[in-house]
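Listed below are the residues making up each chain.
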Amino acid sequence: MPKGEVSPGEDLLERALIEFKEETGQTAEGEFMALQPVKQKGGKTVYAWALEGDIETSGLYSNTVQIEWPPRSSRMIEIPEVDQWEWFSSAEAKMKINTAQAAFIEELERKLSEVE
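Description of the structure in this document. This structure is a prediction, so every number in the text was calculated from the model and none was measured. (Residues numbered from 1 in each chain as written. Predicted model: local features only at pLDDT ≥ 70, side-chain atom pairs only at ≥ 80, totals over all residues. Heavy atoms only, no water.)

**Examining the overall build of the protein**
Part 1: Check the secondary structure of the protein and you find three helices and four strands.
Part 2: Dimensions of the protein along its principal axes, counting C-alpha atoms only, are 55 × 35 × 30 Å.
Part 3: Looking at the protein as a whole, 20% of its 116 residues qualify as buried.
Part 4: Within the protein, residue pairs in contact and separated by at least 24 positions form 41% of the contacts whose partners lie at least 6 positions apart.
Part 5: About 8700 Å² of surface is accessible on the protein, with carbon and sulfur atoms providing 51% of the total.
Part 6: Separation of charge centres in the protein, based on 12 positive and 23 negative side chains, amounts to 9 Å. (Helix = DSSP H or I, 4+ residues; strand = E, 2+ residues; numbered from the N terminus. Buried < 20%, exposed > 50% of the residue type's maximum accessible area, 1.4 Å probe, protein only. Contact = heavy atoms within 4.5 Å. Areas by Shrake-Rupley, 256 points an atom, 1.4 Å probe, with all protein chains shown as cover. Lys, Arg positive; Asp, Glu negative; His and termini not counted. Charge placed at Lys NZ, Arg CZ, Asp CG, Glu CD.)

Structure representation (structure tokens):
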């Protein structure tokens with residue numbers, strides 16, 4: 001899930017779209033379904049949207065970030081923010097995602113089952 005910090009007064013969906021573009025190189029368009037925000041253990045509230053679509057992961061690319069490596073060395077290196085993309089089944093995704101964020105997948109599953 002692309003993530004980013006939101007500035008005061010900034011539109012949450014607009015920020016999400018910017019983060020998606022930065023972290024995948026793709027533009028997300030269509031009918032967005034807002035999901036209920038979740039609060040993580042550390043107190044951070046995370047917002048997410050679902051969107052129906054199909055993205056071929058082989059063409060994705062990410063922006064880069066600078067990190068100190070090795071830690072506490074004062075040496076900065078530039079690396080891709082995302083190093084790989086992969087699709088998972090819902091069950092696999094719930095095991096890999098932040099525990100609190102698994103609620104997004106569960107909510108989407110409920111909403112999709114109501115449509116069927």
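There's plenty left to go through after this.
**Looking at the pattern of salt bridges**
Part 1: Across all of its chains, the model carries five salt bridges by this definition.
Part 2: For E10, the salt bridge goes to R15, with nearest N and O atoms at 3.0 Å.
Part 3: When its relative accessible area of 23% is taken as the criterion, E10 is described as partly exposed.
Part 4: A salt bridge links E109 to K94, with the shortest nitrogen-to-oxygen separation between them at 2.9 Å. (Salt bridge = Lys/Arg side-chain N within 4 Å of Asp/Glu carboxyl O.)

**Re helix 1 (residues 12-24)**
Part 1: For helix 1, built from 13 residues, the straight-helix expectation of 18 Å at 1.5 Å per residue is met to within 8% by its first-to-last C-alpha distance of 18 Å.
Part 2: One side-chain oxygen of the residue at the start of helix 1 lies 3.2 Å from the amide nitrogen of L13, identifying that residue as D11.
Part 3: Immediately beyond the C-terminal end of helix 1, within one or two residues, lies G25, with a positive phi of roughly 80 degrees. (Expected span 1.5 Å × (residues − 1). Polar contact = N/O pair within 3.5 Å; in protein donor to acceptor, adjacent residues only side chain to side chain.)

**With respect to a nonpolar patch on the surface**
Part 1: A cluster of nonpolar side chains, contributed by V6, L12 and Y47, occupies part of the molecular surface with about 230 Å² of accessible area.
Part 2: By the secondary structure assignment, L12 is in helix 1. (Patch = residues over 30% accessible without salt bridge, like charges linked within 9 Å, V, L, I, M, F, W, Y side chains within 5 Å.)

**Things to note about helix 3 (residues 102-115)**
Part 1: Compared with the 20 Å implied by 1.5 Å per residue over 14 residues, the 21 Å span of helix 3 between its first and last C-alpha is a close match.
Part 2: Looking only at helix 3, the buried set comprises A102, F104, I105 and E107.
Part 3: Looking at the buried side of helix 3, the elements it contacts are strand 1 (33-39), strand 2 (45-50) and helix 2 (90-96).

**Remarks on the nonpolar core**
Part 1: Counting six residues, the largest nonpolar core consists of L35, V38, V46, A48, A50 and F104.
Part 2: Elements that contribute at least two residues to this core include exactly strand 1 and strand 2.
Part 3: With three residues, the single largest contributor to this core is strand 2.
Part 4: For V38, the residues in contact, after removing those within four places along its chain, are K44, T45, V46, A100, Q101, A103 and F104. (Core = buried A, V, L, I, M, F, W, Y, C linked by side-chain atoms within 4.5 Å.)

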